[in-house]
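# Reading the structure
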Amino acid sequence: MHKDDIADLIDTKHSELISWLENQPDDSWTQGPEGKWTTGQQVLHLLQSIVPLNNALSMPKFLLRLKFGKANRPVRNYDDIVKRYRERLIDAKGKTYKGSQNMKIPTLADKQYLLNRLQTEEKKLQYKTRRISDKNLDTVVLPHPLMGKMPVRELIMWTAYHVEHHTEILKTKYGQVSVAH
């Protein structure tokens, strides 16, 4: 997938999520299905996954190559990344990346700040995606807690899918959460 298409996909997936979240009653921010994350925690989790990627992409690429190595295989396409992620989720049996375990429940007062931060980070990722060279997109690898080392191009495509994945969870499972009035 071309980097401009990936950047556009990042924008589309985040816009869909933000639009859905902005149309939810405020009470739903601190609610979630029994034993599952609240809507606010879903957003916090997405923020926890995009910030480290943006931070890594701000570093000199030679340092990333020194620390994590170089890609030793061709870049997978979007559909293959999605398929592999879904398989890994099943294998993980609901385990969560350690940074998202025992996550605090964001308050309603945090909602606008977190939505603004997510939008800011998403715009940064779009910009960085458009600016990075194709060579670095395909050869620089970064670690993913569930998927292992991935070329940056794959990791950015995964980020777009990750947002879609959580948007679908919110739409299907959280749309029916009863909110106390």
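Residue numbers restart at each chain and count upward from 1, following the sequence in its written direction. The model is predicted, so local features are restricted to residues of pLDDT at least 70 and side-chain atom pairs to those at 80 or more, both for listing and for counting; the totals for chains, interfaces and linings are taken over all residues. Calculation of side-chain values draws on the structure's entire complement of heavy atoms; hydrogens and water are dropped beforehand.

Numbered from the N terminus, helices here are DSSP runs of H or I no shorter than four residues, and strands are runs of E no shorter than two. Regarding its fold elements, the protein chain presents seven helices and two strands. Secondary structure of the protein chain in N-to-C order comes out as α-α-α-α-α-α-β-β-α. Since a compact globule built from 181 residues should have a radius of gyration of about 16 Å, the 17 Å found for the protein chain is in line with a globular shape. Overall, the protein chain is about 55 × 35 × 25 Å in size when its C-alpha atoms are taken along their principal axes. Exposure is judged per residue with a 1.4 Å probe applied to protein chains only, and the accessible area is read against the type maximum: over 50% gives exposed, under 20% gives buried, and values in between give partly exposed. Residue burial in the protein chain is summarised as follows: out of 181 residues, 44% are buried. By the convention used here, residues are in contact when the closest approach between their heavy atoms is within 4.5 Å. Once local pairs closer than 6 in sequence are excluded, the contacts in the protein chain between residues at least 24 apart make up 83%. His residues and chain termini do not enter the charge count, which takes Lys and Arg as positive and Asp and Glu as negative. The location of each charge is read from NZ of Lys, CZ of Arg, CG of Asp or CD of Glu. Between the averaged position of the 29 positive side-chain charges in the protein chain and that of its 21 negative side-chain charges there is a distance of 9 Å. We take the radius of gyration over the C-alpha atoms and set the globule estimate at 2.2 Å times the residue count to the 0.38 power.

Moving on: the pairing of strand β2 (residues 148-151). Relative to β2, strand β1 (residues 141-144) runs antiparallel, the two sharing four bridges. Following the sheet pairing, His144 is matched in β2 by Gly148. Think of it this way: DSSP has to see at least two bridges between two strands before they count as a pair. Here β1 folds back onto β2 in antiparallel fashion, the turn holding three residues.

Of note, Thr129 is situated in helix α5 (residues 111-131). For Thr129, a relative accessible area of 0% corresponds to the buried category.

A few words now on the nonpolar core. Residue types Ala, Val, Leu, Ile, Met, Phe, Trp, Tyr and Cys, when buried and joined through side-chain atoms within 4.5 Å, form a set referred to as a nonpolar core. The biggest cluster of nonpolar side chains holds 45 residues, and the ones touching the most others in it are Leu118, Leu142, Val152 and Ile156. Counting only elements with at least two residues in this core, the list comes to α1 (3-22), α2 (39-57), α3 (61-68), α4 (78-92), α5, β1 and α7 (152-174). For this core, the element with the most residues is α7, which contributes 10 residues. Aside from chain neighbours lying at most four places away, what touches Leu142 is Leu53, Ala56, Leu64, Phe68, Gly148, Lys149, Met150, Val152 and Leu155.

For the rest of this paragraph, the subject is the packing of α2 against α5. Here, axes are lines fitted to C-alpha atoms. For helices the fit covers the stretch in contact, and angles between N-to-C directions go from 0 to 180 degrees. One way to put it is that α2 packs onto α5 with a least axis distance of 9 Å and a crossing angle of 35°. The chirality of how α2 crosses α5 is left-handed. Two secondary-structure elements touch here, α2 through Val43, Leu44, Leu46, Leu47, Ile50, Val51, Leu53, Asn54 and Leu57 and α5 through Leu114, Leu115, Arg117, Leu118, Glu121, Glu122, Lys124, Leu125 and Lys128. Classification convention: Asp, Glu, Lys, Arg as charged; Ala, Val, Leu, Ile, Met, Phe, Trp, Tyr, Cys, Pro as nonpolar; all other residues, Gly among them, as polar. By residue class, the composition of the contact of α2 with α5 is 12 nonpolar, one polar and five charged. A crossing counts as left-handed when the near helix is turned anticlockwise from the far one by less than a right angle, and as right-handed when that turn is clockwise.

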